[in-house]
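Descriptive structure summary
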Amino acid sequence: MPNKPHPEITITKGDVFDDLGFTRSEAAVLKVKADLLDAIRAEIEFKAYKQKELIKILDEHQPAVSNLMRGRITQISIEKLLRYSARLGMRTQLKILPARRIRVAT
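Described below are features of the structure shown in this document. Keep in mind that this is a model prediction, so the values were computed, not measured.

Considerations on the side chain of Asn 67
- By the element assignment, Asn 67 lies in helix H4 (residues 62-69).
- Using a relative accessible area of 16% as the deciding quantity, one classes Asn 67 as buried.
- When residues no more than four places from it in sequence are discounted, the contact partners of Asn 67 are Arg 72, Gln 75 and Ile 76.

Examining a nonpolar patch on the surface
- Together, Val 16, Leu 20 and Phe 22 give the surface a local cluster of nonpolar side chains, amounting to about 280 Å² of exposed area.
- Relative to the elements of secondary structure, Leu 20 occurs in the loop between helix H1 (16-19) and helix H2 (24-47).

Structural notes on the pattern of salt bridges
- This structure, assessed with the given rule, holds two salt bridges.
- Of the charged contacts in the structure, one is a salt bridge between Glu 43 and Lys 47, with a shortest N-O distance of 3.0 Å. With Glu 43 and Lys 47 both in helix H2, this residue pair falls four residues apart, about one helical turn.
- Owing to a relative accessible area of 35%, Lys 47 belongs among the partly exposed residues under this scheme.
- Measuring nitrogen to oxygen at the nearest pair gives 3.3 Å for the salt bridge that ties Lys 80 to Glu 60. In this pair, Lys 80 is assigned in helix H5 (residues 78-87) and Glu 60 in the loop between helix H3 (51-57) and H4, connecting sequence segments 20 residues apart.

Quick word on unusual backbone geometry
- Unlike most non-glycine residues, Ala 48 shows phi in positive territory, near 55 degrees.
- Of the residues examined, Ala 48 reaches a relative accessible area of 46% and is grouped as partly exposed.
- In the Ramachandran plot, Asp 59 falls in the positive-phi region, its phi being about 50 degrees despite a non-glycine side chain.
- As for its position among the elements, Asp 59 is in the loop between H3 and H4.

Things to note about the nonpolar core
- Core analysis: the largest hydrophobic core is formed by 18 residues, its most contacted members being Ile 40, Leu 58, Leu 68, Leu 81 and Tyr 84.
- Those elements that provide at least two residues to this core are H2, H4 and H5.
- Beyond its immediate stretch of four places on either side in the chain, Leu 81 contacts Lys 33, Leu 36, Leu 37, Ile 40, Leu 68 and Ile 76.

Parameters and conventions
- Residues numbered from 1 in each chain as written.
- Predicted model: local features only at pLDDT ≥ 70, side-chain atom pairs only at ≥ 80, totals over all residues.
- Heavy atoms only, no water.
- Helix = DSSP H or I, 4+ residues; strand = E, 2+ residues; numbered from the N terminus.
- Buried < 20%, exposed > 50% of the residue type's maximum accessible area, 1.4 Å probe, protein only.
- Contact = heavy atoms within 4.5 Å.
- Patch = residues over 30% accessible without salt bridge, like charges linked within 9 Å, V, L, I, M, F, W, Y side chains within 5 Å.
- Areas by Shrake-Rupley, 256 points an atom, 1.4 Å probe, with all protein chains shown as cover.
- Salt bridge = Lys/Arg side-chain N within 4 Å of Asp/Glu carboxyl O.
- Core = buried A, V, L, I, M, F, W, Y, C linked by side-chain atoms within 4.5 Å.

Shown next, in the form of C-alpha cells:
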C-alpha cells in the first residue's frame with residue numbers, strides 16, 4: 001500500500017512564515033524572535049537551569065519565565081529576548097542585508 005501524505009502536513013516552499021501567510025514585515029519579526037528564542041532555550045538547556053534559577057538570573061516573574069520555557073513567542077518581545085540573552089551572558093549579533101536588486105537588461 002503506497003504511503004499517503006498526512007492530511008495535516010503542509011510542504012513549505014522555502015520559509016514557513018511566508019507560507020503561513022504573514023506579511024514580509026511580520027515574517028521578519030517572527031524569524032528574529034524565533035532565532036533568539038531558540039538560542040536562549042539552547043543555552044538554558046546546556047546550562048541545565050531550572051525555572052527558579054531563571055527567575056533570579058533574568059530578573060523576571062514566573063509567568064514570563066514559563067512563557068519563555070514553553071516557547072510562547074507571541075508573549076515575548078524582541079527587546080525582552082535581547083535582555084534575557086545578555087543576562088545569560090550571551091552575545092547577540094544582528095546582520096542586516098540590503099534588498100536584492102534586480103538588474104534589467106537593456
